[in-house]
Amino acid sequence: AVAGAVSKEKKTPKEGDEKQAPQNGGSYGVGVSGEVVINNVQDEVLAYIRQAALQSTNLVITAHNRTLVVAVGGSAAIVTKDGKSTGLAGSFAFNRITNKTKAFIDNSDVKVMQDLEIEAEAGERIIAISAGGSGSTATESTSVAGQVSLNTIASEVIAAIFNQADVTAKRITLTATDRTMIISV
């Protein structure tokens, strides 16, 4: 999202122009700009065996979550005016990911002759770029700029065997990995 406002120097009106300012009238320029970006993602990825009986040579249960949020926003207010001038710019970005990634065996009877692998991986990413700017070039001028960026990732990553599951295997591997990342400029 992008927002912008520009106010330029007053031009001398053409002769006969009815929109001319009164003689000795003041000159004034105003520029106001604002921008808001909001991304709120809630996701749930499940890979599981629940209330089942199973026999296998090898077994792999995998849950991967690779949510990506890319947010770009900017705001600008530019005033180039002799006399009284003002400028205001604001930019706000809020990005939140709240995910659950789970791989599990729940209340089941599982017999595996060789390898049992249960893996949950969260690889969420937020890439956020936001800016606010204001400029004024006059003898009497005010210029204000502001920018706020809030980015959060709250992930729950679980690889488990629970609730009285009866599991037999030559080798059992449980892996829960959180590879979340926030890049904010």
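Residues numbered from 1 in each chain as written. Predicted model: local features only at pLDDT ≥ 70, side-chain atom pairs only at ≥ 80, totals over all residues. Heavy atoms only, no water.

1. Digging into the nonpolar core
Inference 1: With 16 residues, the main nonpolar core has Leu59, Ile61, Ala103, Ile105, Val110, Leu116 and Ile118 as its most contacted residues.
Inference 2: Contributing elements (two or more residues each) for this core: β3 (32-50), β5 (59-65), β7 (84-106), β8 (109-112), β9 (115-122) and β11 (140-162).
Inference 3: Broken down by element, the residue count for this core peaks at four residues, all from β9.
Inference 4: Not counting residues up to four positions away in its chain, the partners in contact with Ile105 are Ile49, Ile61, Val110, Leu116, Ile118, Ala160, Ile161, Phe162, Ala165 and Val167. (Core = buried A, V, L, I, M, F, W, Y, C linked by side-chain atoms within 4.5 Å. Buried < 20%, exposed > 50% of the residue type's maximum accessible area, 1.4 Å probe, protein only. Helix = DSSP H or I, 4+ residues; strand = E, 2+ residues; numbered from the N terminus. Contact = heavy atoms within 4.5 Å.)

2. Digging into the pattern of salt bridges
Inference 1: Applying the stated criterion across every chain, the model contains seven salt bridges.
Inference 2: Here Asp106 ties to Arg50 by a salt bridge, and the two come within 2.8 Å at their closest N and O atoms. Remark: Arg50 occurs in strand β3 and Asp106 occurs in strand β7; sequence separation between them is 56 residues.
Inference 3: Relative accessible area serves as the criterion here: at 41%, Arg50 is assigned to the partly exposed category.
Inference 4: In this structure, Lys111 engages Asp166 in a salt bridge whose closest nitrogen and oxygen atoms are separated by 3.4 Å. Taken together, the residues Lys111 in strand β8 and Asp166 in strand β12 (residues 166-168) connect sequence positions 55 residues apart.
Inference 5: For Lys111, a relative accessible area of 29% translates into the label partly exposed. (Salt bridge = Lys/Arg side-chain N within 4 Å of Asp/Glu carboxyl O.)

3. Observations regarding the packing of aromatic side chains
Inference 1: In total, this model carries two aromatic pairs according to the counting rule given.
Inference 2: Aromatic pair Tyr48 and Phe104: ring centres 5.0 Å apart, planes at 5°, arrangement stacked. Within this pair, whereas Tyr48 is found in strand β3, its partner Phe104 is found in strand β7, the two being separated by 56 residues in sequence.
Inference 3: What makes Tyr48 partly exposed here is its relative accessible area of 40%.
Inference 4: Among the aromatic residues, those joined into a ring-pair cluster are Tyr48, Phe104 and Phe162. (Phe/Tyr/Trp six-rings, centres within 6.5 Å; stacked < 30°, edge-to-face > 60°.)

4. Examining the sheet that holds strand β13 (residues 171-178)
Inference 1: Overall, parallel pairing links the three strands, which are arranged β5-β9-β13 in an open sheet. Each edge of the open sheet carries a strand with a single partner, namely β5 and β13. Across the sheet, the mean angle separating the axes of adjacent strands is 5° when strand polarity is ignored.
Inference 2: As judged from the seven bridges shared by β5 and β9, these two strands associate in the parallel manner. Counted as the bridge partner of Thr62 is Glu119 from β9. (Pairing = 2+ DSSP bridges. Axes fitted to C-alpha atoms, helices over the stretch in contact; angles between N-to-C directions.)

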